[in-house]
Each structure stands twice: as structure tokens, then as C-alpha cells.
Amino acid sequence: MSKVLLQPRTAEKKRTLEDAEKNEKEEVLEGTGCTNPPLPRGCRPLAHQVAGHRYGQGRLGIGMLQHMDGSILKPVQPPPRGKREVGFYQKIFDAECDDPVLLTLQPFLPKLLGVWTPPSSSLDSYMKLEDACRRFRNPSILDIKIGRVSYDPEANQEKRAIESAKYPPLYDLGFQLLGMRVSGPSPNEAIFYDKKYGRSLSKDRITEGLDLFLSGNVPWKKYIVKAFIQRLEMILSWFESQKRYQFYSSSLLLIYEGEFFDGSSDSDEEFIHKFFFFLGILHGCPMLAVNHLYKVSMFPQPAGNNDTGSRESRGVALSSSTTGRESGYSSEVESKNRRQSAAIRNEFVASLSRRVEESTRDLKYRFPPEIVDVRIECEYTMIDFAHVFEEPRSDVDYIYGLRNLIAYFRKVLKQL
Ligand SMILES: Nc1ncnc2c1ncn2[C@@H]1O[C@H](COP(=O)(O)OP(=O)(O)OP(=O)(O)O)[C@@H](O)[C@H]1O
Ligand SMILES: O=P(O)(O)O[C@@H]1[C@H](O)[C@H](O)[C@@H](OP(=O)(O)O)[C@H](OP(=O)(O)O)[C@H]1O
């Protein structure tokens, strides 16, 4: 037991450092005649990335990076995609935002920490985002693209044809599994599955794919599925409550802690909590496990209640677009606005929790009464907003896909 917990995470670190060093040599990208864009100082390719554009691959060679302060750097894509995505994030995380539709979406997104241009390359810029996997040691991660089509209304016939041919079951399913990391017995034994795997799954094999994703923590599988259903229901409620935005080609990222993880980097307190957590599981005593679950939350940290300050002070230059809105604005008014915004968000979250609790009452599997308040090590977040459009209608395609995904998770749950 302690051997597993103490197993160091060196192999994963080593792999990414080696990758970073290799990439810094600006090798010619295979078959493209392009060179890798220089890797900004203090950054490395994102080791736990499961889908999307990867550093050193594709036409442009740009991809997701991780800064040494822990944040994620997503390259601002060429126009119009990049501008659209940055604009969307900025609107949502604007300190003065008082729009209930946007405020109530905030808890479902990784926080935008700023837009960053590396000093070494004034041409590239990156969105600096909170890492949704930051508190996990050995996460299982699933990227699911939601929607019946994966192109937006401005796509030309060629793009539509290319996208439609990629995964014919999509129209019926309303979602696709784009990639996943399934945690293994130790962090360096995780297995990655790419979009080829996801697209090999016909409609009747989707539960197999979800089941595979869930195989990284067998003792807690039922609880994890139930927790994901609840969280997805919350996002669904947001979509059902708004008639303004349509999300094309956007993804959901589902994350949970693996059965075994490395406790070596923890503080003593965290380590002790985790030790009891696993002891509880091993001895079939959920209360012991639950009592010792550490820092688990239903929602990402609300805006204004995070450690952005310390991250910034570790030397990443941020643009002023989402930070430091001091100029000419009375701090009293500002803090009143913040309190009101927080109240709107909190009320929304509380009412969602109630609705979800009611709607999931009939699920076959229930938590035993003594652990109704169980907080599972799960995280979920919406990502990829390069194709968000604003039209006065509900997003029927996203709703269709999300309802279907929830139905498939329920199927998995029934089989447990
Ligand atoms: N905030 C985040 N926290 C943790 N991981 C993230 C975050 N944002 C993105 N990722 C990781 O990066 C991957 C790609 O993200 P994203 O979909 O935003 O990139 P993309 O290049 O726009 O994708 P696509 O090619 O599908 O348009 C995700 O599958 C996930 O593994
Ligand atoms: O899933 P695949 O097969 O990797 O295909 C990519 C996927 O559809 C991305 O969503 C898309 O970016 P957009 O959604 O932003 O269009 C990208 O286009 P790109 O190659 O033009 O970046 C495609 O290559």
C-alpha cells in the first residue's frame, strides 16, 4: 500500500522534459516543411493533454503548453477562431460582468488567468487557463466533444464534408469521445487513447468506451459515475435555461482521481488524509474513506477566490485584459458588484444542486444514506470555445448530445 502511494512520478516528468528539450531544437515538422515554434521559457508541452492541437504537430506546430506555475497555455488560434475564443472567455471572466447568463456559466469553465505573449515571441499569444487537473495526482481524463455536427454555421461545404465524414454516428449520438487518459497502477503507467479509438466506437459500443474511461478507479466506480451524472445534469440545466449562445465543436473534460496515486509531493496533512482515504476503501469502510477525503469541491474555485495572485507573482507577464481593473473605478462599487455577482452565481449553483438532486432520485444506484454527502474526487469543465456563436435560440444540438451522454452514463451505472 505505502509502496504504491509513495511511488514517484518521475517517468511522466522525465518524458515531458525530454519532449520539451527535443522540441526546443526546433526540429522540422514531419512532412510540413515548417519548424516548431520556439517553446517559451518555463513552458513544456502539456503532459496530460488527451486531445486537440499538440505542440510540434500539425500545420502550425502550435499546441497546449503547461507553464511551470501550473497554468495551462492554450495558443490563440488564427482568426477568427482565436479571437472568438479569447473574447468569449474575457466576457465571462470580466470582473464587472453582471450578466446572469454568463455569470451562471462561470462555474463550469476553467478560469481565464490572462492573455500572455511570451517576451521571446511577440507574434504568438496564449490564453492562460487554470489547469482543471491541477489537484489530481494520477487523473483519468476524458475529452468529449458535444454536438451533432462538429462544424459551425460559417463552415464552407468542404469543411462540412470533411467533418461529417470523420465520425458518421455523430449525428445520431450527439457526442464523440475525442481522447482519454486512463490512470494505471502508478502515474507513469497511465494509458492514453486517441481520437482513432473514440471514432472506432459505434453507437452500441459507446458504453464500452465510457467503461474503459472509468476503469482507472474500480472501487469508486459507481460513485464516480453518479457524480459525473450529477455534474452533467448541472451543465444541462444551464443549457436549458438560456437562449443566447450556441456551442459548436466544444468539449467537456471529465476527470477523476485514479485508484492509486503518488502521495510523495503532498504536504504531510494531505498525505495522512489520503492514507486514511485508501485505508477506508481497502477495508470496505466508506465512512472512514469519506471522512478523510481531502479538499474536494463540487465546483471549480469561484472567481475572486483563487490563487491567481501568487501565480502571477511567479513571473508570468499577463496582459491587463482580465486582471487589474483598478483604473478609475471605485473600489466600493466594484466590491458591491462582485458581491452581487457572487450572489447570483451561488444562488444558481444552489438551485441547480436542488434540481439535480430531485431529478436523480430515481436512479437505480443511490449512495448509502450515511454517505449521501460524499464528495468524490471528480472534476468537470467545459473547454474549447473557438466556435461559440450568439443567436437568440436555445442550443438544441448541444442539449441533444448532453442528454444522450447522460443517458449512456446511466446505462453504465445500471450495469454496475
Ligand atoms: N483548462 C484545462 N485544464 C486541463 N486540461 C486542459 C484544459 N484545456 C485544455 N486541456 C487539455 O487540452 C486538450 C485540448 O484542448 P482544446 O480542445 O481546448 O484544444 P484545441 O486544440 O482547440 O482542440 P481542437 O483541435 O479539438 O479544436 C484537452 O483535450 C485537454 O486534454
Ligand atoms: O478531430 P480531428 O480529426 O483532429 O480534426 C480537427 C478537429 O475537428 C478540430 O475541432 C478542428 O479545429 P476547429 O474545430 O477549430 O475547426 C481541426 O481543424 P484544423 O486542422 O483546421 O485546426 C481539425 O483538424
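Residues numbered from 1 in each chain as written. Chains lettered and ligands numbered in written order. Predicted model: local features only at pLDDT ≥ 70, side-chain atom pairs only at ≥ 80, totals over all residues. Heavy atoms only, no water.

J.: Can you walk me through the pattern of salt bridges in this structure?
T.: Taken as a whole, this structure holds 18 salt bridges when the rule is applied. Among the salt bridges present, the one from Arg84 reaches Asp152, with a minimum N-O distance of 3.8 Å. You can see Arg84 sitting in helix α3 (residues 81-93) and its partner Asp152 sitting in the loop between β6 (139-146) and α5 (157-166), a full 68 residues away along the chain. Look at Asp152 and you get buried, because its relative accessible area is 7%. When the shortest N-O distance is used, the salt bridge between Lys203 and Asp172 registers 3.3 Å. Here Lys203, found in the loop between α7 (195-199) and α8 (206-213), pairs with Asp172, found in helix α6 (residues 170-173); they are 31 residues apart in sequence, far enough to count as distant. The exposure class assigned to Asp172 is partly exposed, which follows from its relative accessible area of 39%. Shared partners join several salt bridges into a network, and the residues in it are Lys91, Asp99, Arg244 and Glu390. (Salt bridge = Lys/Arg side-chain N within 4 Å of Asp/Glu carboxyl O. Helix = DSSP H or I, 4+ residues; strand = E, 2+ residues; numbered from the N terminus. Buried < 20%, exposed > 50% of the residue type's maximum accessible area, 1.4 Å probe, protein only.)

J.: Mind showing me how you'd approach the site of ligand 1 here?
T.: As a matter of local geometry, ligand 1 sits amid 20 residues, with Val50, His53, Lys74, Ala132 and Asp143 nearest to it. Ala51 is positioned with one of its backbone polar atoms (N or O) 3.3 Å from an oxygen atom of ligand 1. Contact between ligand 1 and Ala132: a nitrogen atom at 2.9 Å from a main-chain N or O atom of the residue. Coverage of ligand 1 by the protein amounts to 92% of the 630 Å² it exposes when considered alone. Sorting the residues of the shell around ligand 1 by element identifies β3 (72-75) and β6 as the ones contributing at least two each. Looking at the shell around ligand 1, its residues break down into nine nonpolar, five polar and six charged. (Near = heavy atom within 4 Å. Polar contact = N/O pair within 3.5 Å; in protein donor to acceptor, adjacent residues only side chain to side chain. Areas by Shrake-Rupley, 256 points an atom, 1.4 Å probe, with all protein chains shown as cover. Nonpolar A, V, L, I, M, F, W, Y, C, P; charged D, E, K, R; others polar.)

J.: What's the story with the sheet that holds strand β10 (residues 250-257) in this structure? I'm lost.
T.: Think of a sheet as strands paired side by side through backbone hydrogen bonds, with each pair either parallel or antiparallel. The strand order across the open sheet formed by five strands is β8-β7-β6-β10-β11, and the pairing between neighbours is antiparallel. Of all strands in the sheet, those with a lone pairing partner are β8 (191-193) and β11 (378-383), marking the two edges. Averaged over neighbouring strand pairs, the angle between their axes works out to 15° when direction is ignored. Taken together, the six bridges between β10 and β11 define a ladder with antiparallel strand orientation. Across the sheet, residue Leu252 finds its bridge partner in β11, namely Met382. (Pairing = 2+ DSSP bridges. Axes fitted to C-alpha atoms, helices over the stretch in contact; angles between N-to-C directions.)

J.: What should I look at first to understand the pairing of strand β5 (residues 126-129) in this one?
T.: Within a regular beta strand, the side chains point alternately toward one face of the sheet and then the other, so they alternate between its two faces. Along β5, one buried face is formed by Tyr126 and Lys128 and the opposite face, lined by Met127 and Leu129, is buried too. Inspection of the sheet shows β3 paired to β5 by four bridges, in the antiparallel sense. The partner of Leu73 across the bridge, within β5, is Lys128. Note that strand β4 (residues 112-116) and β5 share four bridges and pair antiparallel. In the strand pairing of β5, Val115 is matched with Met127.

J.: Would you mind showing me how to read the site of ligand 2 here?
T.: By nearness alone, every residue bordering ligand 2 is listed as His53, Arg59, Arg81, Lys145, Lys159, Glu163, Lys166, Lys195, Arg199, Ser249 and His387. Between ligand 2 and Lys166 there is a distance of 2.5 Å, counted from an oxygen atom to a side-chain nitrogen or oxygen. Burial of ligand 2 by the surrounding chains reaches 74%, relative to a free accessible area of 500 Å². Elements with a minimum of two residues in the shell around ligand 2: α5 and α7. With three residues, the top contributor of residues to the shell around ligand 2 is α5. Across the shell around ligand 2, the residue classes tally to no nonpolar, three polar and eight charged.

J.: Even after reading the chapter, I still don't get the nonpolar core, so can you show me in this structure?
T.: Here is a general trend for soluble globular proteins: nonpolar side chains tend to be buried in one another's company. Counting 71 residues, the largest nonpolar core has Phe108, Phe247, Met382 and Leu405 as the members making the most contacts within it. Broken down by element, this core gets its largest block of residues, 12 residues, from helix α9 (residues 221-241). No fewer than three residues from each of domain 1 (17-261 + 377-414) and domain 2 (276-371) sit in this core. (Core = buried A, V, L, I, M, F, W, Y, C linked by side-chain atoms within 4.5 Å. Domains from an automatic or database assignment.)

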